[in-house]
Amino acid sequence: MTLKNLPVSRVQMLIRRPAGEVFQAFVDPSITRQFWFTNSSGALKEGKTVRWDWEMYGASAEVTVKTIEVNRAIRVQWGDPPRTVEWEFAPRSEDSTLVTIVESGFSGTDDEAVDLAIDSKGGFTIVLAGLKALLEHGISLNLVADQHPDNHITTGST
């Protein structure tokens, strides 16, 4: 079987916070570290490349910011070969925002591209669930670290 269309990962979540606050959670690494990665070389700025680290897994990603529309959208490229990730922040009311994340550009065999898209969808779903808990309830759920505890590179990580 051959794919007729390349796979795309698409997730969304309503976050009951203003669009500016939700947008800032992805741009400002001091906030993002509370629900996604463990370290960053800096804030997201258009044209800038930053490094994101998941220290518990010994993993990192170089992220090149292609475009930023303040409080509305972020578009980056990451991976080798590069894939595109786009965040859209759509206000639903003064204090709620629909966040949509779309990742595209998966490559490899058909099976590999589909596996990458499925993994992306699961990963970004966890990221949005963690963001929702943090912004709506002030709780850091530690979802990313707890998803694969047997893959931690240090012993005793919980």
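Note that the coordinates shown come from a computational prediction; the quantities given were computed from them, not determined experimentally. (Residues numbered from 1 in each chain as written. Predicted model: local features only at pLDDT ≥ 70, side-chain atom pairs only at ≥ 80, totals over all residues. Heavy atoms only, no water.)

J.: I keep staring at the pattern of salt bridges and nothing clicks. Help me out?
T.: Any two side chains of opposite charge can pair, given that their charged atoms come close. Per the counting criterion, the structure on display carries 5 salt bridges. With a closest N to O distance of 2.6 Å, Arg-51 and Asp-53 form a salt bridge. According to the relative accessible area criterion, Arg-51 is partly exposed, its value standing at 38%. By relative accessible area, Asp-53 is classed as buried at 12%. (Salt bridge = Lys/Arg side-chain N within 4 Å of Asp/Glu carboxyl O. Buried < 20%, exposed > 50% of the residue type's maximum accessible area, 1.4 Å probe, protein only.)

J.: Just checking my understanding: could you explain the pairing of strand E6 (residues 83-93) for this structure?
T.: One face of the sheet, then the other: side chains in a regular strand alternate in exactly this way. Where strand E5 (residues 73-78) meets E6, 6 bridges bridge the pair, whose relative direction is antiparallel. When the sheet's bridge partners are listed, Val-76 is paired in E6 with Val-85. The hairpin turn running from E5 into E6, its antiparallel successor, is 4 residues long, and Gly-79 in that turn takes a positive phi close to 90 degrees. Across 9 bridges, E6 lies against strand E7 (residues 96-104) in antiparallel orientation. From the neighbouring strand, Phe-89 faces E7, where its bridge partner is Val-99. Between E6 and E7, which pair antiparallel and follow one another directly, the connecting turn spans 2 residues. (Pairing = 2+ DSSP bridges. Helix = DSSP H or I, 4+ residues; strand = E, 2+ residues; numbered from the N terminus.)

J.: Help me understand helix H3 (residues 110-137) in this model?
T.: A turn of α-helix holds 3.6 residues, and therefore any two residues three or four places apart point the same way. With 28 residues, H3 ought to run about 40 Å at 1.5 Å a step, and its terminal C-alpha atoms sit 40 Å apart, in line with that. Following H3 by one or two positions, Gly-138 adopts a phi angle in the positive range, close to 70 degrees. (Expected span 1.5 Å × (residues − 1).)

J.: For this particular structure, what's the right way to read the nonpolar core?
T.: Nonpolar side chains tend toward joint burial in soluble globular proteins. By size, the foremost hydrophobic cluster in this structure holds 37 residues, and its most contacted members are Phe-26, Trp-36, Trp-52, Trp-54 and Trp-87. Looking at this core, the element that brings in the most residues is H3, giving 7 residues. Setting aside anything within four residues of it in sequence, one finds Phe-26 in contact with Thr-32, Phe-35, Trp-36, Leu-44, Ile-74, Trp-87, Phe-89, Val-99, Ile-101, Val-127, Leu-128 and Leu-131. (Core = buried A, V, L, I, M, F, W, Y, C linked by side-chain atoms within 4.5 Å. Contact = heavy atoms within 4.5 Å.)

J.: Would you mind going over the sheet that holds strand E2 (residues 39-40) with me for this structure?
T.: Strand-to-strand pairing in sheets goes through backbone hydrogen bonds, with the strands running parallel or antiparallel. A sheet is described by the order of its strands in space; here 7 strands give the open sequence E1-E7-E6-E5-E4-E3-E2, paired in antiparallel fashion. Each edge of the open sheet carries a strand with a single partner, namely strand E1 (9-15) and E2. Examined bridge by bridge, E1 and E7 share 7 bridges and lie antiparallel to one another. Considered in E7, the bridge of Leu-14 is made with Leu-98.

J.: Whenever I open this one, the side chain of Ser-120 confuses me. Can you help?
T.: Among the structural elements, Ser-120 can be located in helix H3. A relative accessible area of 8% means that Ser-120 is categorised as buried. Once residues lying within four places of it in the same chain are set aside, the contact partners of Ser-120 are Ser-9, Glu-103 and Phe-106.

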